[in-house]
Structures are given as C-alpha cells and as structure tokens.
Amino acid sequence: MTPGLEHFLTVGAILFCLGLTIALSKRNAIGVLMGIEIMLNAVNLTLLSFARFGVGHGPVAGQAFVVFIITVAAAEAAVALALAVSVYRNRDTIDVDKLNLLRS
Amino acid sequence: MNGIDLVGPQFAVLIAAGMALLVDALLPRQRRFIPLVALAGLALSVAWTISWVSRDDYQSAFGGTLALDKYAVFFYFVFAGIAAAVVLASIDWVKREGRGEAEYYALLLVSTAGYMFLAASRDLITIFIALELSSIPQYILAGWGKDERSSEAGLKYLLLGAIASAVLLYGMALLYGFTRTTDLGGIADAIVAGGSENRALLTLAVALVIAGFGFKMAVVPFQMWVPDVYQGAPTPVAAYLSVGSKGAAFAVVTRLFFEGLGPDVASDDWSMIFAVVAAVSMTFGNVMAIVQTDIKRLLGYSSIAQAGNIMVGLAAVSVAGEEFVLGASGVIFFVAAYAFTNLGAFIAVIAISQRIGSDRIGDYAGMWKRSPVLAGALALCLVSLTGIPPTAGFWAKLYVFNSAIRADLAWLVIVGVLNSLVSAYYYLGVARTMFVAESGEEATFRPPLGLSISLGLATAGVLILGLVPGPLLDAAHDAAETLALVS
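Residues numbered from 1 in each chain as written. Chains lettered and ligands numbered in written order. Predicted model: local features only at pLDDT ≥ 70, side-chain atom pairs only at ≥ 80, totals over all residues. Heavy atoms only, no water.

A. Just the interface of chain A and chain B, in detail. Contacts between the two partners involve 46 residues from chain A and, on the opposite side, 40 residues from chain B. On inspection of chain A and its partner chain B, the count reaches 1 salt bridge. In this structure, the salt-bridge partner of A:Arg91 is B:Glu152, at a minimum N-O distance of 3.2 Å. Inspection of the chain A/chain B interface yields 4 residue pairs in polar contact (both at pLDDT 80 or more). When residues of the side of chain A that touches chain B are traced back to their parent elements, those giving at least two are helix 1 (5-25), helix 2 (29-53) and helix 3 (59-91) of chain A. Looking at which element gives the most residues to the side of chain A that touches chain B, the answer is helix 3 of chain A, with 18 residues. (Contact = heavy atoms within 4.5 Å. Salt bridge = Lys/Arg side-chain N within 4 Å of Asp/Glu carboxyl O. Polar contact = N/O pair within 3.5 Å; in protein donor to acceptor, adjacent residues only side chain to side chain. Helix = DSSP H or I, 4+ residues; strand = E, 2+ residues; numbered from the N terminus.)

Rendered as structure tokens:
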C-alpha cells in the first residue's frame, strides 16, 4: 500500500492536536513556543500534501504558502524569545502560571 | 497602472517608518521631529487615497491578491486616522519613557501598513502575511513599557496570538485543500461547484478560520487576553489595539465571508455561528464590565461587548438579494464609529491618568470640577458607546440591528437591546462618578497639546457622525456594494 492523501492528512491532524495540547498545557513559555512550532509544521504538512496530491491547478499556491509560513514563524519566534528574556529579567521566571500581575 | 502605484498608501506609511529610523540614526538632535515624520507619512497616505475616492472601477494588483475597491479605500481612511490619533496621543508618553522613540513610531506605522494590506487582500496567503505584518509589531508595542506588567502583557499577547494564528492557518490549509485555490473569488466558485460534497470538511475549515480571527476580533470564547493586555500594555498602545486590531480583523473577515463565502455559497451555518458568538460576547463583556474597578480593564471588557455588537452585522451574511450589503455596510460603519468613540475614551483616560497617576475609577471622582473638558469628552464617548443619540454609536447600533432584523434574527436584536441597557449601567456609572461624586482634590489641569488635538478630533467625529450620519452611511453602503459586485 502506498501512502495517499488521507494518510498525510491524518498525520497532520494528529500533529496539530499534539501541538495544540502542548501549547495550552505547558507552563514554561518556551514549551508553549515549541507547541506552536509543532502546530505550524502540521499546517505545513497539510498544505504540502494537498499541493502534492491535488488535482487541477493551484499546487504552487500551497507550496508558496508553506515558504511564507516558515519565514513568518521565524520572525515570530525571534520576537517571542526577546519578550521572554525581557520578562525573565523582570521576574526571574518564564512560568506562565506565575505571570499573574494582571488581575483586577 | 502598475503594482507599486496601487499600493501607494501602504508605501507612504512604510517609507515614513523607515524615515523615522533614519532621522534617529543620522540626526539624533532632531529626534523631537520624529512624530511629525510619522504624521507626514500618514498625511501622504491619506492624500494618495483621496485621489482614488471618485473612481468606480474595480482594480486589482499583484495578480489579483490585492483588491483596490471602495471597500479598501474606506478602511485606508479609517486606519490612517486611527494611526494619526495614536501618534498624537503617544507623544508625551514616549518622551517620558525616554528611549526608542523612533522604533516606537516605526513599529506603529508598520503595523498600520499591515492593517491597510489586510483590508485590501483577497487571497489567503496575502491575508496571512498582512495579519502577521500587523500583529508582530503589536506584540512588541504591548511589551514596550519598562515595568514588569507591560512585558508580561506582551509575552501573553504573543503566545496566545501565535496559537490563534496557527489555528487560523490550519483552517486556511483545509480551505485550500477543499477548493484548490487561495483566491477568494476562486474559493467562492469552487464551493458553488462542489455543492454539498464534503460539507463537514468545509464547515470545520470555516470554524477554524472564525476561531483564528475571533482572537483578533476579541470575541468570546477567545477574549481572555483582552483585559490583561489592555491593563498591562502602555495606554496609547491599548488604545491602538482596541480599535486598530479589532477593526482590521473585522475588515478582513467581512471581505472573506461576503466575497469568498458569500450569499450563493454560504449556508445559514455561519450566520448562526456569528449570531451565537455575538450574543455571548455582548452578554459576557457587559456582565464582566459591571464589576471592574480599573478603567482600562472596564474598557477591555466593554470592547469585548462592542465586538459582539459589530458581529451582529456579520450574522446578516445569510441575507440574499438586494439587501445583501446591509450587514457588511453595518459592520464597516460600526467599525468607523467605534474607532472615533473608543479612541476618544482612551485618549481622555490617558490624559487623566497621566495627571492623577491612577487608573482606578474611584479616583475619577470630581473630575468635572478638575478638568471639565476631559470629563465632558469622556462622558460623550461613554454615551456613544452606550448607543444613545445624538452620537455616532447610536446610528452604528441602529444600522447593524436593522440588518439583523432583515436576516430574521429578531432574537439577536432583543439580546442586543437588553445588553445596551446593561452597558448603560456601567458606562454612565463612570460618568456619574466624574460629575456627581466629590473628591478632596480640587487642583484643575489641562491636557497637553498632542492629546488635546487628538481628543478634539475624536469627539468632533463622534458628534458630527451623530448629527449628520448620512455621508458616512452612504460611503459605507458604496464600499459594501463593491463586495457584492465581485462575488
């Protein structure tokens, strides 16, 4: 049996759910970031498998989309790490549960 | 017409951002002129946009990924106006902060350019890039303050925003898989051609897209970041987020749903999703706002309720025929009216808290005697947020509720009106504190120049739109019609 579209989509869906679970349950900000990266890569896998197995026109759009996502994810990670450093300097922790100054 | 000319307004804003950084690097003694550079760029952008106002033809740039229609033009004006008001309102705060002046304005302008691209984009990839172009500077700005609350707000905003982006992208990927195209027009065609085949996949894709944008629009259940970020971020930045980020998200969602997933295509499914989210957001925001004692948190929860109000217009996407544009024009009129009103409220709050050094509503007691201008302006904006005539907020609410009635959503209008009554309690409660309550402090004061100008413009907008809403209503209607024209 050769792997087809549905196999790739299933892997993508499982990866996405794993990433989402990590992002929502991890207490360390860096852990949350890792979860987000997994989610984005699941999206990339989904887009590429649609582009590879799709019929008709439009595979290029999916591949171009992936390149843009990779680029933007890198930019976002840079800003996230900078903010994490800034929070760590102020509070000596990047545990998101302990970041609770903002309450009424 | 070539491509560069068609993105002139964005280009002007981006060049101003670069100029601000250059002035800082090459002429460090002239730093005080940086806000003027930013304002000049915005003025050039508005001038460029004005030259398009009278054009009726539909233009698109860069292979159809950017549309240049009256809809985009309408939002160019709104976003340039918002950015100008925020630049004016930031001058004193940034000066006191004493670092990174050029970077602050440059980030603000880049994010504004992102909003403009969002309003014009009609391709999933372009929407994503424009969204991130506007979001990443916002994350940095939210963490701009020196205190720990600000960096905490920035980090929280970024992490939640990135999760929302990933969810949105997964929805877009499924939509692309379903339709084989990223072009909004192509998506509409593919869905019509596909009929009811794979309906479940399509609904899942659309639900993920709504969830991703729901974060930016700040509707329930994606609202948890709003009060925290508004309270922690510097107040001018909170003002910018509350109108800019929300406005841009509504701009793109309206285009996406009225153009790509429009009337021939759209089932009543999404209309119902929007209606339920709108009702829950209004109720949640208003009920939570009642118990707040911090004015910025109150405005945060109130903005969740207002997002619910705007979304009533989106629920009217199911209306077919000639009245199809009512929902979309209601949304864009509301966004414009809300921009004036909420900016006015936030600018008044900036001016007051700079002076009294507190955001507690209790400390606003007796403000009427200490600064009649600020108290009056804030009260006017609160009245407009409630939706009482003769203010802009009244017409905005009337217009979206009208569109909901045409969509047979009378229950939603009843929920909306009841919510307006609840909101009157806390909005007018703040006004009562300022006018009736007594305070020990009697010293009078006036706001600084930059704040006065932007506050004057915002309140003038609230009053003028309240008294003569006709021209803007027509403009909103024309803008919405271009959406229907394409689909």
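B. Up close: the packing of helix 4 (residues 70-97) of chain B against helix 14 (residues 325-356) of chain B. Residues and elements named next belong to chain B. Put simply, helix 4 and helix 14 touch, their axes get as near as 11 Å, and they point 5 degrees apart. Put simply, helix 4 runs roughly parallel to helix 14. Where helix 4 abuts helix 14, its residues Tyr71, Phe74, Phe75, Val78, Ile82, Ala85, Val86, Ala89, Asp92, Trp93 and Arg96 lie against Ile332, Val335, Ala336, Ala339, Leu343, Ile347, Ile350 and Gln354. Taken together, the residues that form the contact of helix 4 with helix 14 break down as 16 nonpolar, 1 polar and 2 charged. (Axes fitted to C-alpha atoms, helices over the stretch in contact; angles between N-to-C directions. Parallel < 35°, antiparallel > 145°, perpendicular 65-115°, else oblique. Nonpolar A, V, L, I, M, F, W, Y, C, P; charged D, E, K, R; others polar.)

C. How the structure looks around the packing of aromatic side chains. Scanning the model with the defined rule gives 23 aromatic pairs over all chains in all. Consider the rings of B:Tyr104 and B:Tyr105, whose centres lie 5.4 Å apart with planes at 90 degrees: the pair is edge-to-face. Classification of B:Tyr104 by relative accessible area gives buried; the value is 0%. The class of B:Tyr105 is buried, set by a relative accessible area of 1%. Three or more aromatic residues joined by ring pairs form one cluster here, namely B:Tyr71, B:Phe74, B:Phe75, B:Phe79, B:Tyr115 and B:Tyr240. Residue placement shows A:Arg52 over the ring face of A:Phe53; its charged tip is 5.2 Å from the ring centre. (Phe/Tyr/Trp six-rings, centres within 6.5 Å; stacked < 30°, edge-to-face > 60°. Buried < 20%, exposed > 50% of the residue type's maximum accessible area, 1.4 Å probe, protein only. Lys NZ or Arg CZ within 6 Å of the ring centre and 35° of its normal.)

Function cannot be read off these values alone, since they describe shape.
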